[in-house]
Amino acid sequence: MSNERQEFSRRLAEAMQAAGYEPRPAVLFRLFNAHYRGRSVTFQSASRWLGGRSMPEQDKLQVLAAVLGVEPHALRFGGTGKRRVAESRAVWPSAAGARERQVIDAFLALPVKQRELIGELVRALVKR
């Protein structure tokens, strides 16, 4: 196994944890595909990224970095790992676990009309 891929894997897992996600292939698979506008990646690809067996192409690395709130260069090569300038980190309530965050990420990836419909459904459920 390449040391470069292993180091990338470690940085990816650390970035996921810092962003509030469990560093597991299933979590990465869903999170990535909810934000990537190209062809979806497979579960196996996400597993290989986290397992240190491969590295994503540059366009996918850019999406991973944006979703996780780190600089692409720091995710790919290491270094400071600083968060982007002026980027605020979301503060999640303690009751919001990885599953809730995934649902919210999926919701935010929906078109506006579908988000409005889901908003109406949630308001109706809260009123009950």
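Residues numbered from 1 in each chain as written. Predicted model: local features only at pLDDT ≥ 70, side-chain atom pairs only at ≥ 80, totals over all residues. Heavy atoms only, no water.

A look at the confidence of the model for the protein chain
To keep it simple, the criterion reads: A residue's pLDDT is the confidence the predictor assigns to it, expressed on a 0 to 100 scale. Secondary structure follows DSSP: runs of H or I at least 4 residues long count as helices, runs of E at least 2 residues long count as strands, and numbering of each begins at the N terminus.
For the protein chain, per-residue confidence averages 84 on the pLDDT scale, and residues scoring 70 or more make up 86% of the total. Within the protein chain, helix α6 (residues 98–109) has the poorest average pLDDT of any element, 78, and helix α3 (residues 43–51) the best, 95.

Here we look at the side chain of K60
Keep this limit in mind: Only protein chains enter the accessibility calculation, which uses a 1.4 Å probe; a residue is then buried when its area is under 20% of its type maximum, exposed when over 50%, and partly exposed in between. Definition of a polar contact: a pair of N or O atoms within 3.5 Å, with one able to donate and the other able to accept a hydrogen when the atoms are protein atoms, and with sequence-neighbouring residues admitted only if both atoms are side-chain atoms.
Along the chain, the position of K60 falls in helix α4 (residues 58–68). Classification of K60 by relative accessible area gives buried; the value is 14%. Side-chain polar atoms of K60 contact the side chain of Y36, separated by 3.5 Å.

A few points about the pattern of salt bridges
Selection criterion: Put simply, a salt bridge is a Lys or Arg side-chain nitrogen that is within 4 Å of an Asp or Glu carboxyl oxygen.
Scanning the entire structure with this criterion turns up six salt bridges. For E7, the salt bridge goes to R10, with nearest N and O atoms at 2.7 Å. With E7 and R10 both in helix α1 (residues 3–18), this residue pair falls three residues apart, about one helical turn. Measuring nitrogen to oxygen at the nearest pair gives 3.0 Å for the salt bridge that ties E14 to R10. One end of the pair is E14 and the other is R10, both in helix α1 and four residues apart, which spans about a single turn.

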